[in-house]
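Chains, contacts and geometry: an overview
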Amino acid sequence: IREDSRAADWHVTVVVDGDSGVTLDDLATLSTDLDDLAEQWGGPDRAVTFEVTSRGVGAPLEAPRHWRRARGRQVDVSYVDGVTGPARGRIGDLDEEKGTVRLVRRSGRGMRVDSVPLDDVARAVIRVEFRPAPEDELALLSEPADPGRGVREGEDS
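All of these numbers come straight from a predicted model, not from anything done at the bench.

What counts, and at which threshold
- Residues numbered from 1 in each chain as written.
- Predicted model: local features only at pLDDT ≥ 70, side-chain atom pairs only at ≥ 80, totals over all residues.
- Heavy atoms only, no water.
- Helix = DSSP H or I, 4+ residues; strand = E, 2+ residues; numbered from the N terminus.
- Buried < 20%, exposed > 50% of the residue type's maximum accessible area, 1.4 Å probe, protein only.
- Polar contact = N/O pair within 3.5 Å; in protein donor to acceptor, adjacent residues only side chain to side chain.
- Contact = heavy atoms within 4.5 Å.
- Salt bridge = Lys/Arg side-chain N within 4 Å of Asp/Glu carboxyl O.
- Pairing = 2+ DSSP bridges.
- Core = buried A, V, L, I, M, F, W, Y, C linked by side-chain atoms within 4.5 Å.
- Patch = residues over 30% accessible without salt bridge, like charges linked within 9 Å, V, L, I, M, F, W, Y side chains within 5 Å.
- Areas by Shrake-Rupley, 256 points an atom, 1.4 Å probe, with all protein chains shown as cover.

The next point concerns the side chain of Gln74. Looking at the secondary structure, you find Gln74 in strand E4 (residues 74-79). A relative accessible area of 13% means that Gln74 is categorised as buried. A distance of 2.7 Å separates polar atoms of two side chains, one belonging to Gln74 and the other to Arg127. When residues no more than four places from it in sequence are discounted, the contact partners of Gln74 are Arg88, Gly89, Arg90, Val125, Ile126, Arg127 and Glu129.

See the structure below:
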């Protein structure tokens, strides 16, 4: 819950997140369930705006569940100081035990697969795409890299 108590009007936002994502029906149900509570806020001197929402597509990937849900989507990545790695890639499998995510990207005429430690990522945000992901990229999200297919396995970055 985010609250801005400095404003003349009180704006309360409940941001919903979960392993399986959030549907509009989930948001509507939660909003209805919290409506009675919201009616008690504010008062005659202070209007209250109550909002129930999801994290949104522009929210950074911060938890393993965010990476899992974003599998197959393209991501822009920046790294902690002193660490380099692919700045953009398609999200593949997440290995929670190792704390790494597989990123597939084009490199020259071929493809490259990198295993990126999540601890090295300072910020990662989904790129909105307006066309379907290329099949050759999607095919590498889980498979081990096969050098015979023009794919280079990246080093941990």
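What follows continues from the structure just given.
If charged atoms from side chains of opposite charge come close, those side chains can pair. Enumeration over the complete set of coordinates arrives at 14 salt bridges. As a salt-bridge pair, Glu96 and Arg68 come within 2.3 Å of each other at their nearest N and O atoms. With Glu96 in the loop between strand E5 (88-95) and strand E6 (100-107) and Arg68 in helix H2 (residues 64-69), this pair connects stretches of sequence that are 28 residues apart. Here Arg68 falls in the partly exposed class, since its relative accessible area comes to 37%. With a shortest N-O distance of 2.8 Å, Arg71 and Asp93 are connected by a salt bridge. Taken together, the residues Arg71 in the loop between H2 and E4 and Asp93 in strand E5 connect sequence positions 22 residues apart.

Taking burial as the measure, the eight residues of strand E7 (residues 110-117) include seven buried ones, the bulk of the element. Joining the antiparallel neighbours E6 and E7 is a turn of two residues, in which Gly108 adopts a positive phi near 65°.

Moving on, we come to the nonpolar core. The biggest cluster of nonpolar side chains holds 14 residues, and the ones touching the most others in it are Leu61, Trp67, Ile91 and Leu103. Of all the secondary structure elements, the ones that give two or more residues to this core are E4, E5, E6 and strand E8 (121-126). Among residues more than four places away in sequence, those in contact with Trp67 are Leu61, Ile91, Leu94, Val101, Leu118, Val121 and Ala124. Core analysis: the next-biggest nonpolar cluster, separate from the first, contains five residues, Val104, Met111, Val113 and Leu141 among them.

A cluster of nonpolar side chains, Val57, Val128 and Phe130, forms an exposed patch at the surface whose accessible area comes to about 350 Å². Inspection of the secondary structure puts Phe130 in the loop between E8 and helix H3 (135-138).

This paragraph deals with the environment of Gly18. Looking at the element boundaries, Gly18 is found in the loop between strand E2 (10-16) and helix H1 (24-39). Once the C-alpha coordinates of Gly18 and Arg55 are considered, the two residues, 37 residues apart in sequence, prove to be 9.9 Å apart. Gly18 has contacts with Arg65 and Arg69, leaving out every residue within four places of it along the chain.

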